[in-house]
Amino acid sequence: MNTKTIVIIGGGVGGLTVANELRSKLPHEHRVVLVEKNPNHAFAPSFLWLMTGHRQPNKITKPVLSLVRPGVEVLQAEATTIDIANRSVITTQRSLTYDYLVVALGAELAPEIIPGLSQAALSFYTFEETKRLHQALGEFNGGKVAVVVCSLPYKCPGAPHEGAMLIADYFRQRGLRDKVNIHLYTPEPQPMPVAGPQLGEAVKQMLASKGISFHPLHTLKSVDSQERRLLFDQQEPVTYNMLIAIPPHRGSSLVREANLTNEAGWIPVDRSTLKTKFGNLYAIGDIISIGIPGRWKPDVSMMLPKAGVFAHAQAEIVAERIADEIHGRTPTAEFCGKGYCMLEAGEGLAGFAFGDFFAEPSPRLELRNIGRAWHLGKVLFEQWWLSPFGIRKSVLHTALRLGAKVLKIPVTV
Ligand SMILES: Cc1cc2nc3c(=O)[nH]c(=O)nc-3n(C[C@H](O)[C@H](O)[C@H](O)COP(=O)(O)OP(=O)(O)OC[C@H]3O[C@@H](n4cnc5c(N)ncnc54)[C@H](O)[C@@H]3O)c2cc1C
């Protein structure tokens, strides 16, 4: 038999899914190798609950090894070079040659791009930063909290709004809500513009109902940490007592150096097959760029949001296509641009939106009323995702499938 090696770099949402799916679809003669630099996986949607103290750090991280199907080879190492000509990946441990490569490196955070930001800001965008933020919130007894989206694009377009609402809820529970002013600044013209005006208006109303001031069209230029001042492009400076940033995002230098990226530093792929310009090289998740019909201005294409729900769906498509090719079948699976978002609003409630992002002439959105079921759905997904691989096919799995069916959520688990 002509055995194949599939190397996946990045063992986050997309990488773990593609590795597990491939392992289930391919006989064991074929190797599935997952390269991940961290020994533990932290589930990013739970950072918001870690911030408010509703999760302990050890409840939202798991060893990568516990999350993979038996037979997936995990190499704990940092990938340092992609050598396309020789079909190899160089890592800090050893080099690997591949027949197929899946790049699932996610997006890097680059706070240093904005002068003063690193020294001044806290964040709920990484595990370590969120632990620090939780502690700082506990010591904060009043003043102005500025939640700032520094630049576009950023992962999970709902997260800054969820974060602001959960912070409001946190101070309400501590009896300090009237002593804390919460402001959300963003370069965008409305919340989540890619999802259209209807969703933007709904999110604005959710923020207003929590007493959060929303400031669109604010692009952060620098932070004066001495004076605690935010300096924006063409807007008045503002002061803050606590700064919480969604830092600038960028693609990994690894893919820039391999000449895989566009000018913005993301990997362009075929939106249906997730193939790059190299036939045996796929890319999925936050590192890719997929244009969608625009909303912001009629003639401007915007990118598909960077979200786990898309990384997950794309991983399944790529696994199916590679497995089909190896089995000598014509691959037919295609990514269709559909996804959903559960927006945490605090008080055990969440909103829900389902989007068809490839719909013409612009994405089609369905909104559901805010409710407890969406919050519980998010918790159930978290528990399923973080359970050891063997347990996934159990009661939790059945509950998630049934829940998704009852709530009419298009989830594949
Ligand atoms: C606060 C927050 C809340 C969120 N909430 C949601 C939500 O509710 N719903 C949703 O759909 N999405 C949500 N997201 C977004 C979601 O987490 C990401 O979109 C998703 O994780 C992207 O998956 P990925 O596989 O592309 O990248 P990641 O999951 O980021 O994985 C990338 C992996 O690559 C590894 N890596 C990087 N460089 C190297 C290297 N050189 N060598 C080896 N390994 C490397 C990293 O360690 C990481 O494990 C949220 C994100 C945040 C920050």
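Keep in mind it's a predicted model, so treat the numbers as computed, not measured.

Scoring rules and cut-offs
Residues numbered from 1 in each chain as written. Predicted model: local features only at pLDDT ≥ 70, side-chain atom pairs only at ≥ 80, totals over all residues. Heavy atoms only, no water. Helix = DSSP H or I, 4+ residues; strand = E, 2+ residues; numbered from the N terminus. Expected span 1.5 Å × (residues − 1). Buried < 20%, exposed > 50% of the residue type's maximum accessible area, 1.4 Å probe, protein only. Salt bridge = Lys/Arg side-chain N within 4 Å of Asp/Glu carboxyl O. Pairing = 2+ DSSP bridges. Axes fitted to C-alpha atoms, helices over the stretch in contact; angles between N-to-C directions. Contact = heavy atoms within 4.5 Å.

## What to know about helix α5 (residues 159-173)
Helix length check: α5 (15 residues) gives 21 Å between terminal C-alpha atoms against 21 Å at 1.5 Å per residue, within 8%. With 13 of 15 residues buried, α5 lies mostly within the body of the structure. Residue Gly 175 follows α5 closely and has a positive phi angle near 75°.

## With respect to the pattern of salt bridges
Taken as a whole, this structure holds 16 salt bridges when the rule is applied. Across the pair Lys 378 and Glu 162 runs a salt bridge whose closest N-O atoms are separated by 2.8 Å. Pair noted here: Lys 378 is in helix α9 (residues 372-386) and Glu 162 is in helix α5, with a separation of 216 residues, a long-range link. We note that Lys 378, like Glu 162, is buried. Residue Glu 325 pairs with Lys 275 through a salt bridge whose shortest N-O separation is 3.6 Å. Pair noted here: Glu 325 is in helix α8 (residues 308-326) and Lys 275 is in the loop between β19 (267-268) and β20 (281-283), with a separation of 50 residues, a long-range link. Each of Asp 169, Arg 172, Lys 210 and Glu 347 takes part in a single network of salt bridges with overlapping partners.

## Notes on the pairing of strand β6 (residues 79-83)
Side-chain positions along a regular strand alternate between the two faces of the sheet. Bridge count between β6 and strand β7 (residues 88-91): 4 bridges; the pairing is antiparallel. Within the sheet, the bridge partner assigned to Ala 79 lies in β7 and is Thr 91. Linking β6 back to β7 in an antiparallel pair, the connection comprises 4 residues, with Arg 87 at a positive phi of about 50°.

## Structural notes on the sheet that holds strand β9 (residues 100-103)
Strand order in the open sheet formed by 5 strands is β5-β2-β1-β9-β20, and the pairing between neighbours is parallel. Edge positions in the open sheet fall to β5 (72-76) and β20, since each of these has one partner strand only. With direction set aside, neighbouring strand axes in the sheet form an average angle of 20°. The pairing of β9 with β20 spans 3 bridges and is classified as parallel. Each residue of the ladder has a partner; that of Val 102, found in β20, is Tyr 282. Together, β1 (5-9), β2 (31-36), β5 and β9 form the strand contacts of helix α1 (residues 13-25), whose direction differs from that of β2 by roughly 165°. With respect to the sheet, α8 is in contact with β1, β9 and β20, its orientation differing from that of β9 by roughly 180°.

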